[in-house]
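As a plain string of letters, each chain reads:
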Amino acid sequence: MSAPAPLASPVLVFDSGAGGMSVARRIRHLLPQLPLCYVADDAGFPYGDWPEEALTAHCVALLTRLVDELRPCAVVIACNTASTLVLAPLRARLSIPVVGTVPAIKPAAELSCSGLVTVLATPATVVRDYTFDLIRRFAPDTAITLVGARGLARLAEGAIAGKEIDAQVLAQEIAPCFVTKNGARTDVVVLACTHYPLLLPQLRLVAPWDVDWLDPAPAIARRLAVVLGDSVSGPAPGAEAQRPPDRVIATSGADLGPLLRLLAVAS
Ligand code: DGL
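What comes next concerns the included structure. Here the structure is a predicted model, which is why all the values come from computation and not from measurement.

Okay, the overall build of the protein next. Scanning the protein for helices and strands turns up 9 helices and 11 strands. A compact globule built from 267 residues would reach a C-alpha radius of gyration of about 18 Å, and the protein, at 18 Å, matches this within 12%. Sorting the 267 residues of the protein into buried and exposed places 54% on the buried side. If you take every contact in the protein between residues at least 6 apart in sequence, the share linking residues at least 24 apart comes to 77%. Put simply, the protein shows about 12200 Å² of open surface, and 53% of that area lies on carbon and sulfur atoms. Looking at charge distribution, the protein has the averaged site of its 22 positive side-chain charges lying 3 Å from that of its 24 negative ones.

For helix H2 (residues 52-70), which comprises 19 residues, the first-to-last C-alpha distance of 26 Å matches the rise-based estimate of 27 Å (1.5 Å per residue) to within 8%. Within H2, burial applies to Leu55, Cys59, Val60, Leu62, Leu63, Thr64, Leu66, Val67 and Leu70. In this structure, the buried residues of H2 make contact with strand S1 (11-15), strand S2 (36-40), strand S3 (74-77), helix H3 (80-93) and strand S11 (247-250).

Let us look at the packing of aromatic side chains. Per the counting criterion, the structure on display carries 4 aromatic pairs. Consider the rings of Tyr47 and Trp50, whose centres lie 6.1 Å apart with planes at 75 degrees: the pair is edge-to-face. Residue Tyr47 is classed as buried on the basis of its relative accessible area of 2%. Each ring, one from Phe178 and one from Trp209, has its centre 5.3 Å from the other, and the planes form 90 degrees; the classification is edge-to-face. Linking Phe178 in the loop between helix H7 (167-174) and strand S7 (180-181) with Trp209 in the loop between helix H8 (200-206) and strand S10 (212-214), this pair joins segments that are 31 residues apart in sequence.

This part covers the nonpolar core. Within the largest apolar cluster, 29 residues are counted, with the highest numbers of intra-cluster contacts made by Val11, Val13, Ile27, Val76 and Leu224. Elements supplying a minimum of two residues to this core: S1, helix H1 (21-30), S2, S3 and helix H9 (217-228). Considering each element in turn, this core owes the most residues, 5 residues, to H9. Once you skip the residues sitting within four places of it in the chain, Val13 turns out to touch Gly20, Ala24, Ile27, Leu36, Cys37, Tyr38, Val39, Val76 and Ala78. One finds Cys177, Leu191, Leu200 and Trp213 within the second-largest nonpolar core, a separate group that totals 25 residues.

In a beta sheet, neighbouring strands are held together by backbone hydrogen bonds and run either parallel or antiparallel to one another. Taken together, 4 strands build an open sheet; the order of strands is S6-S5-S9-S10 and the sheet is parallel. In this open sheet, the two edge strands, each paired with only one partner strand, are strand S6 (143-148) and S10. Each strand of the sheet is rotated relative to its neighbour by a mean of 20 degrees, with strand direction disregarded.

On to the side chain of Thr194. Examined against the element boundaries, Thr194 turns out to sit in the loop between strand S9 (188-191) and H8. Side-chain polar atoms of Thr194 contact the backbone oxygen of Ala78, separated by 2.8 Å. In this structure, Thr194 is in contact with Asp15, Gly19, Gly20, Ser22, Val23, Ala78, Cys79, Asn80 and Thr101, ignoring residues within four places of it in sequence.

Right, let's talk about the sheet that holds strand S4 (residues 98-99) for a bit. Read from one edge to the other, the open sheet built from 5 strands follows the order S4-S3-S1-S2-S11, with strand pairing classed as parallel. With partners counted over all chains shown, the strands left at the sheet margins are S4 and S11, one partner each. Summarising the sheet, S2 and S11 pair through 4 bridges and their orientation is parallel. Directly across from Cys37, in S11, lies its bridge partner Arg247. This element, H2, spans S1, S2, S3 and S11 of the sheet and lies at about 155 degrees to S1.

As a further point, take the side chain of Thr142. Along the chain, Thr142 falls in the loop between helix H5 (129-138) and S6. Under the relative-accessibility criterion, Thr142 is labelled buried at 16%. Ignoring anything within four residues of it in the chain, the contact list for Thr142 reads Ala109, Gly115 and Val117.

Now for the environment of Cys177. Along the chain, Cys177 falls in the loop between H7 and S7. Not counting the four nearest positions on each side in its chain, Cys177 is found in contact with Thr118, Leu120, Val147, Thr186 and Val189.

The next thing to look at is the site of the ligand. In the vicinity of the ligand there are 14 residues, among which Ser16, Tyr47, Thr81, Thr194 and His195 approach most closely. Here an oxygen atom of the ligand and a side-chain polar atom of Thr81 are 2.5 Å apart. In the complex, 99% of the free accessible area of the ligand, which totals 300 Å², lies under the protein chains. Taken together, the residues of the shell around the ligand sort by class into 6 nonpolar, 7 polar and 1 charged.

The rules behind the values
- Residues numbered from 1 in each chain as written.
- Predicted model: local features only at pLDDT ≥ 70, side-chain atom pairs only at ≥ 80, totals over all residues.
- Heavy atoms only, no water.
- Helix = DSSP H or I, 4+ residues; strand = E, 2+ residues; numbered from the N terminus.
- Rg over C-alpha atoms; globule rule 2.2 N^0.38 Å.
- Buried < 20%, exposed > 50% of the residue type's maximum accessible area, 1.4 Å probe, protein only.
- Contact = heavy atoms within 4.5 Å.
- Areas by Shrake-Rupley, 256 points an atom, 1.4 Å probe, with all protein chains shown as cover.
- Lys, Arg positive; Asp, Glu negative; His and termini not counted.
- Charge placed at Lys NZ, Arg CZ, Asp CG, Glu CD.
- Expected span 1.5 Å × (residues − 1).
- Phe/Tyr/Trp six-rings, centres within 6.5 Å; stacked < 30°, edge-to-face > 60°.
- Core = buried A, V, L, I, M, F, W, Y, C linked by side-chain atoms within 4.5 Å.
- Pairing = 2+ DSSP bridges.
- Axes fitted to C-alpha atoms, helices over the stretch in contact; angles between N-to-C directions.
- Polar contact = N/O pair within 3.5 Å; in protein donor to acceptor, adjacent residues only side chain to side chain.
- Near = heavy atom within 4 Å.
- Nonpolar A, V, L, I, M, F, W, Y, C, P; charged D, E, K, R; others polar.

Right, dumping it as structure tokens:
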């Protein structure tokens, strides 16, 4: 039997900056035959500082235009700060599948032995109704600590651009994640901003004790595979070699092509 033809239209992976590459690399790992078009809205970065209404209107208008221009087969919003606001209005506008990235509260509650879980996100994600709703529905008996880190996404952008990270600054950003209560301590930290998994080696080094750092990216890649169904499922020998080239688009007009190197690092 001959290999299925590679998909001609890409998946559009969207974030405010380079963070969504933590999701894109898992998609590449799971679905190597899929071409990717990565869009960084770096002109709008950081989304964590935007008021809700303005960010919703901005993302819906931008993504509607991008889908019109780029004709992707699906959109992955690789950003918690945007997904917790725009998934519903965007799905109402688009006729292709839209996969979101939202805080992994359900798996964290299931994984935790101590019952102390932290959600590490942007200051915006930790005050979203969407996040509170996930906690009510999926973790009613877990003690959830919400930490809105002010500078972590920017630190990740710097690290990706090759800047040295100040370990002390990093340790201060994550210090509120580590809680002790009645002899128990936090054992799961949800990485609820897609920038943070890109700092995982550094986070592990400065953490006061070992925890499970929950990165939702593998689950998002699996969800995309389900949503795209037969067109991408199963082994496709040879299809990877025929894959059209990936693209990176920055809304600022900057050349972010070098980000594509990050696609190679999923393990
Ligand atoms: N990467 C984004 C997220 O997952 C947020 C970074 C930003 O503040 O723009 O929430």
